[in-house]
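# Survey of secondary and tertiary structure
Chain by chain, the residues run as shown.
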Amino acid sequence: MKAESGLLDAPRVGTLLTWGRQQLRRAEIDSAALDAELLLAFLLARERSWLFGHDRDVLTTAQVDQFSKLIQRRADHEPVAYLTGQREFWSLPLRTTPAVLIPRPETERLVELALEKIPAGRPATLVDLGTGCGAIALALAKARPAATLIAIERHPETLAVARQNQQQLALSVNFARGDWGSALASNCCDLIISNPPYIAEGDPHLTRGDVKYEPRQALTSGPHGLDDLGRITSDALRCLKPGGWLLMEHGAEQGEAVLAMVTEAGLTEASDQRDYAGLPRVIMARKP
Ligand code: GLN
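So, here is what we can say about the structure in this document. All figures in this text were calculated on a predicted structure; none of them were measured in a lab.

The rules behind the values
- Residues numbered from 1 in each chain as written.
- Predicted model: local features only at pLDDT ≥ 70, side-chain atom pairs only at ≥ 80, totals over all residues.
- Heavy atoms only, no water.
- Pairing = 2+ DSSP bridges.
- Helix = DSSP H or I, 4+ residues; strand = E, 2+ residues; numbered from the N terminus.
- Axes fitted to C-alpha atoms, helices over the stretch in contact; angles between N-to-C directions.
- Contact = heavy atoms within 4.5 Å.
- Near = heavy atom within 4 Å.
- Polar contact = N/O pair within 3.5 Å; in protein donor to acceptor, adjacent residues only side chain to side chain.
- Areas by Shrake-Rupley, 256 points an atom, 1.4 Å probe, with all protein chains shown as cover.
- Nonpolar A, V, L, I, M, F, W, Y, C, P; charged D, E, K, R; others polar.
- Expected span 1.5 Å × (residues − 1).
- Buried < 20%, exposed > 50% of the residue type's maximum accessible area, 1.4 Å probe, protein only.
- Core = buried A, V, L, I, M, F, W, Y, C linked by side-chain atoms within 4.5 Å.
- Phe/Tyr/Trp six-rings, centres within 6.5 Å; stacked < 30°, edge-to-face > 60°.
- Lys NZ or Arg CZ within 6 Å of the ring centre and 35° of its normal.
- Salt bridge = Lys/Arg side-chain N within 4 Å of Asp/Glu carboxyl O.
- Parallel < 35°, antiparallel > 145°, perpendicular 65-115°, else oblique.
- Left-handed = near helix turned anticlockwise from the far one by under 90°.

## Quick notes on the sheet that holds strand β6 (residues 189-194)
With respect to topology, 7 strands assemble into an open sheet ordered β5-β4-β3-β6-β7-β9-β8, the strand pairing being mixed. Both outer strands of the open sheet, β5 (174-177) and β8 (268-274), are each paired with one neighbouring strand and no more. Averaged over neighbouring strand pairs, the angle between their axes works out to 15° when direction is ignored. Strands in contact with helix α8 (residues 156-169) are β4 (148-153) and β5; relative to β5, the strand with the most contacts, it is inclined by about 170°. Against the sheet, helix α10 (residues 255-265) engages β7 (240-249), β8 and β9 (280-286), with an angle of about 165° to β8.

## Overview of unusual backbone geometry
The phi torsion at N187 lies on the positive side, around 50°, for a residue other than glycine. If you trace the backbone, N187 turns up in the loop between β5 and β6. Positive phi, normally seen in glycine, also occurs at E269, with a value near 50°. Turning to its location among the elements, E269 is positioned in strand β8.

## Observations concerning the site of the ligand
Close to the ligand lie R104, E106, N195, P196, P197, Y198, I199, H205, A218 and L219, which account for all nearby residues. A distance of 2.7 Å separates a nitrogen atom of the ligand from a polar atom in the backbone of P196. Taking Y198, its side chain carries an N or O atom lying 2.9 Å from a nitrogen atom of the ligand. Relative to its unbound accessible surface of 300 Å², the ligand loses 91% to contact with the protein. Here the shell around the ligand is built from residues that sort into 6 nonpolar, 2 polar and 2 charged.

## With respect to helix α2 (residues 32-44)
Helix length check: α2, at 13 residues, gives a terminal C-alpha distance of 18 Å against a target of 18 Å (1.5 Å per residue), a fit within 8%. Taken together, the buried positions of α2 are occupied by A32, D35, A36, E37, L39, L40, A41 and L44. The secondary structure elements touched by the buried residues of α2 are α1 (13-26), α3 (48-52), α4 (61-75) and α5 (80-84). Just downstream of α2 lies A45, where phi reads positive at about 55°.

## Structural notes on the nonpolar core
In terms of nonpolar packing, the biggest core is built from 35 residues, with L126, L140, L149, V173, L191, I193 and L247 touching the most fellow members. Among the elements of the structure, β2 (92-95), α6 (105-116), α7 (135-143), β4, α8, β6, β7 and β9 are those that each provide at least two residues to this core. Top element by residues in this core is α7. It accounts for 7 residues. When neighbours within four sequence positions are excluded, L247 is seen to be in contact with L110, L113, A114, K117, L191, I192, I193, S194, V282, I283 and M284.

## Re the packing of aromatic side chains
Here the structure, examined in full by the defined rule, presents 1 aromatic pair. Positioned over the ring face of W245 is K117, at 4.0 Å from the centre of the ring.

## Considering the pattern of salt bridges
The tally for this structure, following the rule as stated, stands at 14 salt bridges. The shortest N-O distance in the salt bridge between E37 and R48 comes to 2.8 Å. Of this pair, E37 sits in helix α2 while R48 sits in helix α3, and the two are 11 residues apart along the sequence. In this structure, the salt-bridge partner of R286 is E269, at a minimum N-O distance of 3.4 Å. On the criterion of sequence distance, the pair formed by R286 in strand β9 and E269 in strand β8 is long-range, its members being 17 residues apart. Under the relative-accessibility criterion, R286 is labelled partly exposed at 27%. Via salt bridges that share partners, R154, D179, R231 and D235 belong to a single interconnected network.

## Quick look at α4
Over its 15 residues, α4 runs 21 Å from end to end, which matches the ideal 21 Å to within 8%, given 1.5 Å per residue. Buried residues belonging to α4 abut α1, α2 and α5.

## Examining the packing of α2 against α4
Contact geometry for α2 and α4: axes closest at 10 Å, N-to-C directions at 140°. The angle between α2 and α4 falls in the class oblique. Where α2 crosses over α4, the handedness of that crossing is right-handed. Judged by residue contacts, D35, A36, L39, L40, F42, L43 and L44 of α2 engage Q63, Q66, F67, L70, I71 and R74 from α4. A per-class count over the contact of α2 with α4 returns 9 nonpolar, 2 polar and 2 charged.

In structure tokens:
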């Protein structure tokens, strides 16, 4: 922050927030106001709502300096979830580092659709393939405490974050390292769920905005983004019990391709569901 801005004379919560919002707006951050608030609240270890009753509170020079650095990083599109190390998913506070994909609202839709397939209070074995920070598995464990949860992740650094989340939230999930479903027994589970990488390599979306900070291996999958969706489909055919369900998130333009893929592989009752934005997003199909 520049001394000539005058902010150093009166570094108050309100002044600082106004400055932060302006900087982020100038950097064309869509959620400029919200992000400035989240970053200041994080820095002060307060709830966001606390800021609004304390706009006249004076901050230290060190706090002003730290806030200014956070705002600069955000202006470069570094995601808020990496700057604060946290993102909420399914009302669970999850630790997020650059080793994990940041959980997104459309993936809550995937969880919601899975829950419709899992009767509450009944034992069932549910498997999350490519769990990342553990978001899906932990949400399912919270919503279906009678179920057994297995969550698999290939990358050790990513798996470590998932395990930290599990310990922090004290939810029961068995995390294991593995390559999709390759280590699973045949006919072992009632439901397989996954938010795999599904963006085509070379998609310009990957170099824009926040996505460029996320792990590439969690985003891309072959020239059409379909390679891992295919791997998971064949693992599901082998590992699901007869009648078990496969649910996968996919790209908004992949609905028809994925529907054809799961049907040709031999799964039945396939349907494609929309996310909260009305875009085709979740494929559901059943092992005969
Ligand atoms: N939905 C994410 C995006 O478009 C991608 C997530 C994924 O590949 N699973 O940025």
